[in-house]
Amino acid sequence: MNIKPLSQISLNKVQFSGTKKKQTQKSEHIQHSSSMHKAVPLAVLIAMSPLTTPNTMAQDKLPQKPDEILAEKRQKEQPKTKILDVKTFFNVNGENYIVRTKSTDGDSSNFESITVSQATPKSRGAKYETEEVSKYNFAPYTDDIEANNGFFTVDGVKVKDVDTQRKLIGNEEFIKYFEKLANSPANNGAIKVVNHNENLVPLPSGRVIISYEDGNLWQDAEPYTPKGEYMGHRILEGDNGIYDIAIYNSDDQTLTAEEFTLKKEGCPELRIDKMFKVKSNFVSDHNEPISYETYQFNLTDDDGVTTVIYDKTLGEYMERVCKSPLYEKDNVPFDKADLEKDYKISASTNKIYNVK
C-alpha cells in the first residue's frame, strides 16, 4: 500500500460533515479582511474610526463657565423696555426736546424711566436721563434777625448725560408736564419733586451767595458814634420793623445832612454807608428770568464793620430823601446805586454762580 505524504493533500478537497460550509465562509472572510488591513494605511483607519465622533461632540458640549451661565440667565430674565409715551417740546430756550416715558420691568401699567433727547433739524443731539423736578426755594437772609424778606422759587428738570454731567432744563410747560408725571400713580420711582430750601445771603458788594452762617447780626453790632450835630429824626414803619432814621450835620450848611443813621428796637444805631437798589436775575429756560428786587443797606459802626439789611419800603422812602436838599449832591452823605446781577444754578453742586 502506497501512502502519499501529508503535505501534498489539498485541504480544499477534504470533505467534512455538519459545519463544513460555514467554516469555509468564515475562512474566506478572514482572508478578505486580512487583505483589506494590509491595503488601507493605519492613519486612514484611525480617522475613519467611530471613536472620533463622540470625542468631537464632547468638545462642543463642554460645561459653561459660571459667569456665562449667569449672563445667559440674566439675559433671559431681563424684561424688554417698552416706550409708553412720547411727547415733543419746541423752543425750550431755543432747544427742542423729545421726552420718552418707558417701562423697564415688563409691566406696561407703570414706568421706571424717563429720557430726554435734544432734537435738531437733521439728527438728534444730546440724550439725558431725568432725575428729579428741582425746586430751589431761596429765602433772602440778611443781618437783621427779625427780617422777613419772603422767598422765591427757581425750578427746572434735573437731567444727567452719559458722563453724569447734570443740568437744569425746562420752561413752564415742560416743568408742568414733568410734575404731572411725578404725581402720576403709574410713576414707579422714575422721577420725584425735590425741594431745595436755601438761605440767600447778600454781600456788601450787592452780590448774593448761598450760606447757612448767621453772619454779623445787627443786634450784636457795635454802636456808631455820630460826628455831626443832631438835626432830627423820622420814624418809619418798614417791611422788617419800625426804624428810627436820624440826621446829622457836620458843616456850615445847616440845610444839608452829612450823616444818616438807622436803628430800631433791640438794635444799635449804625451809619448808612451805602444804599443799593438790587435786582437778582436767575437765568433758566423760562421765558423770562426769575428775579428778586429789593433795597440793600450797608450799615457801619465806628470800626467800619458792615451790617447788611434788606427793606424795600425803607429804600423807597430814602429815594425820596435823596431828591431833597438834605442829600447834598456834591458831598453825598451815603453812596447809592442800582445793581443788577445775573445768576445760574449748578445742578451738580446746587450752588449759584454769577454770570454777569
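All of the points below concern the structure found in this document. Residue positions within a chain follow its written sequence, with the count starting from 1. Whole-chain, interface and lining totals are the exception, using all residues; otherwise, since this is a predicted model, local features are given only for residues with pLDDT of at least 70 and side-chain atom pairs are given and counted only at 80 or more. The side-chain quantities take in all heavy atoms of the structure and omit both hydrogens and water.

### Structural notes on the overall build of the protein chain
Helix and strand counts for the protein chain come out as six helices and 16 strands. Only protein chains enter the calculation, and the probe is 1.4 Å; a residue is then buried if its accessible area is under 20% of its type maximum, exposed if over 50%, and partly exposed in between. Classification of the 356 residues of the protein chain by burial places 37% in the buried group. Excluding contacts between residues fewer than 6 apart, the proportion of contacts in the protein chain whose partners are at least 24 apart in sequence is 54%. Carbon together with sulfur atoms contributes 51% to the accessible area of the protein chain, which is approximately 22400 Å² in total. Only DSSP runs of H or I reaching four residues or more are called helices, and only runs of E reaching two or more are called strands; each is numbered from the N terminus. Contact definition: two residues touch when any of their heavy atoms are within 4.5 Å. Accessible surface area values rest on a Shrake-Rupley calculation with a 1.4 Å probe, where residue burial reflects the displayed protein chains alone.

### Some words on the packing of aromatic side chains
For Phe, Tyr and Trp, rings pair up if their centres lie within 6.5 Å, where Trp contributes its six-membered ring, and each pair is then called stacked (planes under 30 degrees apart), edge-to-face (over 60) or tilted (otherwise). With the rule as written, the count across this model stands at 16 aromatic pairs. The interplanar angle of 25° and the centroid separation of 5.2 Å between the aromatic rings of Phe138 and Phe282 together place this pair among those described as stacked. Separated by 144 residues along the polypeptide, Phe138 in strand S4 (residues 124–140) and Phe282 in strand S12 (residues 267–282) bring together distant segments of the chain. The same class applies to Phe138 and to Phe282, which are both buried. One aromatic cluster in this structure is built from Tyr136, Phe138, Phe152, Phe282, Tyr292, Tyr310 and Tyr343.

### Things to note about the pairing of strand S11 (residues 259–264)
Counting buried residues in S11 gives five out of six residues, a clear majority hidden from the surface. Inspection of the sheet shows strand S10 (residues 241–249) paired to S11 by five bridges, in the antiparallel sense. Each residue of the ladder has a partner; that of Ile247, found in S11, is Phe260. Two strands qualify as a pair provided that DSSP identifies no fewer than 2 bridges between them. In textbook terms, the turn of a hairpin is the stretch between consecutive antiparallel strands, and for S11 and S12 this stretch comprises two residues, one of which, Gly266, has a positive phi near 85°.

### Looking at the pattern of salt bridges
Salt bridges are identified by distance alone: a Lys or Arg side-chain nitrogen within 4 Å of an Asp or Glu carboxyl oxygen. Under the counting rule described, the total for this entry stands at ten salt bridges. The shortest N-O distance in the salt bridge between Arg166 and Glu131 comes to 2.9 Å. In this pair, Arg166 is assigned in strand S6 (residues 166–169) and Glu131 in strand S4, connecting sequence segments 35 residues apart. On the accessibility criterion, Arg166 (32% relative accessible area) is partly exposed. Among the ionic pairs, Asp273 bridges to Lys274, the shortest N-O distance being 3.1 Å. Taking the relative accessible area as the measure of exposure, Lys274 reaches 26% and is therefore partly exposed. Overlapping salt bridges bring together Glu131, Lys160 and Arg166 as one network.

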